[in-house]
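For reference, the chains in residue letters:
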Amino acid sequence: MASASEDRPAPSAEENTTTSPPLKVEPTTHSAFDSPDADVVLVSRDLVRFRMHSFTLKTTSGWFRSLFSLPRPSTSSPEITSAVADGSERRSVLNPSIANPETIHLDEDSTTLELLFRMISGLPIEPVTSFDTVDALLFATEKYEMPGPTSLVRIAVLTPPLADQPLRLYAAASRCGWTEEAKVASQRTLSINLWQDENWEMLAKIDVRSALILLKLHRSRKEELRKKLDEHPFVNANPASYCSRCRRQTDHHAWRELKHRLITEMDHRPSGDTIVDIGLTEWAEAKACWEAKCPHTDCAIVQYDKTETMRLIRECIESLPKTT
């Protein structure tokens, strides 16, 4: 007869595994902010401590200035008061000291707070190379009312590699009300196609008014060029045109094809640099236009002056609006 122990199934791996309580993570102190005479301890979301001086925080941040002027909460009495010269009483305020530093937990991560605290403390900072960092910094400076770091970020966004991301620069400048930076960014966006998926997703994050202004700039360049190409001194768009030499009817279909390509290209790259640098010399439509001749064999004059037409097109593009 089999024993009871033999009939019992072997314990599973899960039954053998005992559940241990999660380890308690203790905050670590940032080496650059570990002053022994600090009177405030700020703790980041990822549990990094920054030992700071309340004077630095109060003089650089409206948020901390207000915080340290608020009445101190009390568990022993509904209100803590102190006497003043005129015999009245006032509530005591948050007054941290070296012997009794205040600990305050913040929502930001340690990377953002380190940059922020280095800026207000006059410590060296590494170049900001990511707009994710810029956005996090700007939200923090707005929250804590720190105009000093905001001005440093404003300078940084116009330097490489941040300046090479014009759509994100435009988004940040528009959100912060930086008019000149927004103008610079809007001009640089003319080298990109706003309708590409990655750019459209970024454009959707910009406030509606600023996004519409930027879209209007891009569209106005295309429509202005279309208008200029239909005016003198360019040939009339009327199909019933006449050869400048033999005065017999001719068809400017080669010019119409090139003009259509020019307008389409402005949708893809509103700066127009691909038109003047490559398009007018290498496009099939351009080559066909420069080679076009009067269809009457006894005339066969070249219909378009390549050098003069290219110069006029360049002037038209250079005269288009460049900024919002």
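Caption draft 1: Examining the overall build of the chain more closely. Across its full length, the chain carries 15 helices and eight strands. Pairs at least 24 residues apart make up 60% of the contacts formed inside the chain by residues separated by at least 6 positions. With an accessible surface of roughly 19500 Å², the chain has 53% of that area assigned to carbon and sulfur atoms.

Caption draft 2: Structural context of the nonpolar core. In this structure, Leu42, Phe64 and Phe117 are the most contacted members of the largest nonpolar core, which totals 48 residues. Not counting the four nearest positions on each side in its chain, Leu42 is found in contact with Val48, Arg49, Phe50, Met52, Leu57, Phe64, Ile104, Leu106 and Phe117. Residues Met266, Ala286, Cys289 and Leu320 belong to the second largest nonpolar core, which totals 24 residues.

Caption draft 3: Here's a closer look at helix α13 (residues 273–282). Every buried residue of α13 is accounted for by Thr274, Ile275, Val276, Gly279 and Leu280. The arc that holds every buried residue of α13, seen down its axis, measures 165°, which confines them to one face. The outward face of α13, more than 90 degrees from its buried face, is lined by the exposed residues Asp277 and Glu282. Tucked into the core, α13 has its buried residues touching α12 (253–268), α14 (284–291) and α15 (306–318).

Caption draft 4: The arrangement of the sheet that holds strand β2 (residues 40–43) in detail. With mixed pairing, four strands are arranged side by side in an open sheet as β1-β3-β2-β6. Strand pairing shows two members of the sheet lacking a second neighbour, β1 (28–34) and β6 (102–105), which therefore form its edges. Between one strand and the next, the sheet's axes are offset by a mean angle of 25°, whatever the strand orientation. Here three bridges tie β1 to strand β3 (residues 48–52), and the two strands are oriented parallel to one another. Its bridge partner lying in β3, Asp34 is registered against Arg51. Contacts from helix α5 (residues 110–121) reach β1, β2 and β3 within the one sheet, and its direction differs from that of β3 by about 15°.

Caption draft 5: Structural view of unusual backbone geometry. Each neighbour pair has its own omega, and for Pro160 with Pro161 the value is 0°, a cis peptide bond. In this fold, Pro161 is placed in the loop between α7 (147–156) and α8 (166–176). Non-glycine residue Glu145 carries a positive phi angle of around 55°. With respect to the secondary-structure elements, Glu145 resides in the loop between α6 (131–143) and α7. Overall, Glu145 belongs to the partly exposed group, its relative accessible area being 44%.

Caption draft 6: Examining the confidence of the model for the chain more closely. Looking at the chain as a whole, the pLDDT averages 86, with 83% of positions reaching at least 70. The least confident element of the chain is strand β4 (residues 81–83), whose mean pLDDT is 39; the most confident is α5, at 97. Low pLDDT (under 50) marks residues 1–6, which in the prediction has one contact with non-local residues, meaning those over four places away or in another chain. Across residues 75–90 the pLDDT falls below 50, and counting only partners more than four positions away or on other chains, this stretch makes 17 contacts in the model.

Caption draft 7: Expanded view of the pattern of salt bridges. The full count for this structure, using the stated rule, is 18 salt bridges. Across the pair Arg154 and Glu181 runs a salt bridge whose closest N-O atoms are separated by 2.9 Å. Taken as a pair, Arg154 in helix α7 and Glu181 in helix α9 (residues 179–188) lie far apart in primary sequence, 27 residues in all. Counted as one network, the salt bridges with shared partners bring together Asp132, Asp135, Arg168 and Arg175.

Caption draft 8: Geometry of the packing of aromatic side chains. Summed over the entire model, instances satisfying the criterion amount to nine aromatic pairs. Positioned over the ring face of Phe139 is Arg175, at 5.0 Å from the centre of the ring.

Definitions and cut-offs
Residues numbered from 1 in each chain as written. Predicted model: local features only at pLDDT ≥ 70, side-chain atom pairs only at ≥ 80, totals over all residues. Heavy atoms only, no water. Helix = DSSP H or I, 4+ residues; strand = E, 2+ residues; numbered from the N terminus. Contact = heavy atoms within 4.5 Å. Areas by Shrake-Rupley, 256 points an atom, 1.4 Å probe, with all protein chains shown as cover. Core = buried A, V, L, I, M, F, W, Y, C linked by side-chain atoms within 4.5 Å. Buried < 20%, exposed > 50% of the residue type's maximum accessible area, 1.4 Å probe, protein only. Arc of directions from axis to C-beta. Pairing = 2+ DSSP bridges. Axes fitted to C-alpha atoms, helices over the stretch in contact; angles between N-to-C directions. pLDDT = per-residue confidence, 0-100. Salt bridge = Lys/Arg side-chain N within 4 Å of Asp/Glu carboxyl O. Phe/Tyr/Trp six-rings, centres within 6.5 Å; stacked < 30°, edge-to-face > 60°. Lys NZ or Arg CZ within 6 Å of the ring centre and 35° of its normal.

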